[in-house]
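Examining the three-dimensional arrangement
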Amino acid sequence: ATATYDLAVAEQRMLSVAERFLRIADVRSKHADVASVTLYFGGDAVEGEQIYGGQHWHIEVGVGPQSVKHGPEMHARLAMLVAAHSPRPIRVRCVTGNHGRVGAINLPSSPQTNWDRVCYEATRLMLQAIAPGVFDFAIADDWYIVDRLPGGGGVMLTHGDMVNGAGTSATIVAKASGWAETIPEPWDYLLMGHFHRPWHLQTRGGTRDIYINGSTESDDSDFVRGRMAAGGRPCQRMFVFT
């Protein structure tokens, strides 16, 4: 928690995303058929305790309550608000982030051992109990998932921590261009988070679009300001695929 960001602010901003989406979708639906709605959860849903030295003094509550209570409640409220005014089923796709890892980065662990996975699974179970049959929910088994859109296009969703170095535009484009050649599932759009600020880039040759999401977090935290040297207003993205 910081002076301007805590669990209550995080929830308010998540619900604000849903409310803004519904206003825009309502306008869009007057001019075109909205075939489906997909929610992409890109990781770092849980703020781990060992991301850097002193981390556990900076988080509001431990990873246990974040993973099984606060996080699932926020995600479920956002999903239910969207579902109440959207075509069904609502598609949900999730990947885990590096802040959800259980131990320090140099400690070996299974890729599936991640607090984000616990949060998403608890969210899935919560939605299944509240609104059975309303949500088509998938959590990536690996560090990415390729989602096939109803129109046939492909969205590759990954957190972004697989990008080496400081996350400059050059390193991101190089990595994404490599994925375009090596990921077996075809994709047209790459969605990432991790870098705490929104960018739009393209792979080499301009054949695929790369969208890096912002964060709901205020930029007054020690991690964002000092360690990532990132900033900017809290933001999220909405896409209309035609």
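Remember, it's a predicted structure, so these values are computed and weren't measured experimentally.

This part takes up the packing of aromatic side chains. Inspection of every chain in the model, using the stated rule, returns seven aromatic pairs. With 6.1 Å between their ring centres and 10° between their planes, Phe41 and Tyr120 make a pair best called stacked. Taken together, the positions of Phe41 in strand E1 (residues 38-41) and Tyr120 in helix H3 (residues 115-130) put the pair 79 residues apart, joining distant regions of the chain. Here Phe41 falls in the buried class, since its relative accessible area comes to 9%. For Arg208, the ring lying beneath its charged end belongs to Trp187, and the centroid distance is 5.2 Å.

Bringing the pattern of salt bridges into the picture now. Overall, the coordinates contain seven salt bridges when judged by the stated rule. The partner of Glu73 in a salt bridge is Lys69, and the shortest N-O contact between them spans 3.6 Å. Taken as a pair, Glu73 and Lys69 lie in helix H2 (residues 63-83) at a separation of four residues, close to a single helical turn. The network of salt bridges with common partners includes Arg91, Arg93, Asp136 and Asp147.

Let's shift gears to the sheet that holds strand E6 (residues 189-192). Across the sheet, five strands lie side by side as E4-E5-E6-E8-E7; this open sheet has mixed pairing. Strands at the two margins of the open sheet, each flanked by one partner only, are strand E4 (144-148) and strand E7 (199-202). Taken over all neighbouring pairs, the strand axes of this sheet differ in orientation by 20° on average, direction set aside. The pairing of strand E5 (residues 154-158) with E6 spans three bridges and is classified as parallel. Bridge assignment links Val155 to a residue of E6, and that residue is Tyr189. Sheet strands touched by helix H4 (residues 169-182): E5, E6, E7 and strand E8 (209-212). Its angle to E7, the strand with the most contacts, is close to 50°.

Time to look at unusual backbone geometry. Cis geometry is adopted by the peptide bond preceding Pro89, which originates at Arg88 and carries an omega value of 0°. The phi torsion at Asp44 lies on the positive side, around 60°, for a residue other than glycine. Along the chain, Asp44 falls in the loop between E1 and H2. When its relative accessible area of 21% is taken as the criterion, Asp44 is described as partly exposed. Of note in this structure, His194 is not a glycine but carries a positive phi near 70°. Position of His194 among the secondary structure elements: in the loop between E6 and E7.

This part takes up the pairing of E6. Every regular strand shows the same layout, with side chains that alternate between the two sheet faces. Pairing analysis gives four bridges linking E6 to E8, with the strands arranged parallel. By the bridge assignment, Tyr189 is partnered in E8 with Asp209.

Grouped together as the largest cluster of nonpolar side chains are 26 residues, with contacts concentrated most on Leu39, Val82 and Phe135. Contributions of two or more residues to this core are made by helix H1 (7-29), E1, H2, strand E2 (90-94), H3 and strand E3 (135-139). The contacts of Val82, once residues within four sequence positions are left out, are Ala18, Phe21, Leu22, Val37, Leu39 and Ile90. In terms of nonpolar packing, the next biggest core, distinct from the first, is built from 16 residues, Met156, Val163, Ile172 and Met192 among them.

With that out of the way, let us pick up the sheet that holds E3. The sheet built from three strands is open, its strands ordered E1-E2-E3 with parallel pairing. Strands at the two margins of the open sheet, each flanked by one partner only, are E1 and E3. Here the average twist between neighbouring strands, direction ignored, is 15°. Sheet analysis places E2 next to E3, joined by five bridges and oriented parallel.

Right, let's talk about the state of the cysteines for a bit. The tally for this structure, following the rule as stated, stands at zero disulfides. The cysteine Cys119 is free of any disulfide, with Cys94 supplying the nearest cysteine sulfur at 8.6 Å. Among the cysteines around Cys235, which has no disulfide bond, Cys94 carries the closest sulfur, lying 20 Å off. Residue classification places Cys235 among the partly exposed residues on the basis of a relative accessible area of 25%.

What counts, and where the lines are drawn
Residues numbered from 1 in each chain as written. Predicted model: local features only at pLDDT ≥ 70, side-chain atom pairs only at ≥ 80, totals over all residues. Heavy atoms only, no water. Phe/Tyr/Trp six-rings, centres within 6.5 Å; stacked < 30°, edge-to-face > 60°. Helix = DSSP H or I, 4+ residues; strand = E, 2+ residues; numbered from the N terminus. Buried < 20%, exposed > 50% of the residue type's maximum accessible area, 1.4 Å probe, protein only. Lys NZ or Arg CZ within 6 Å of the ring centre and 35° of its normal. Salt bridge = Lys/Arg side-chain N within 4 Å of Asp/Glu carboxyl O. Pairing = 2+ DSSP bridges. Axes fitted to C-alpha atoms, helices over the stretch in contact; angles between N-to-C directions. Contact = heavy atoms within 4.5 Å. Core = buried A, V, L, I, M, F, W, Y, C linked by side-chain atoms within 4.5 Å. Disulfide = S-S within 2.5 Å.

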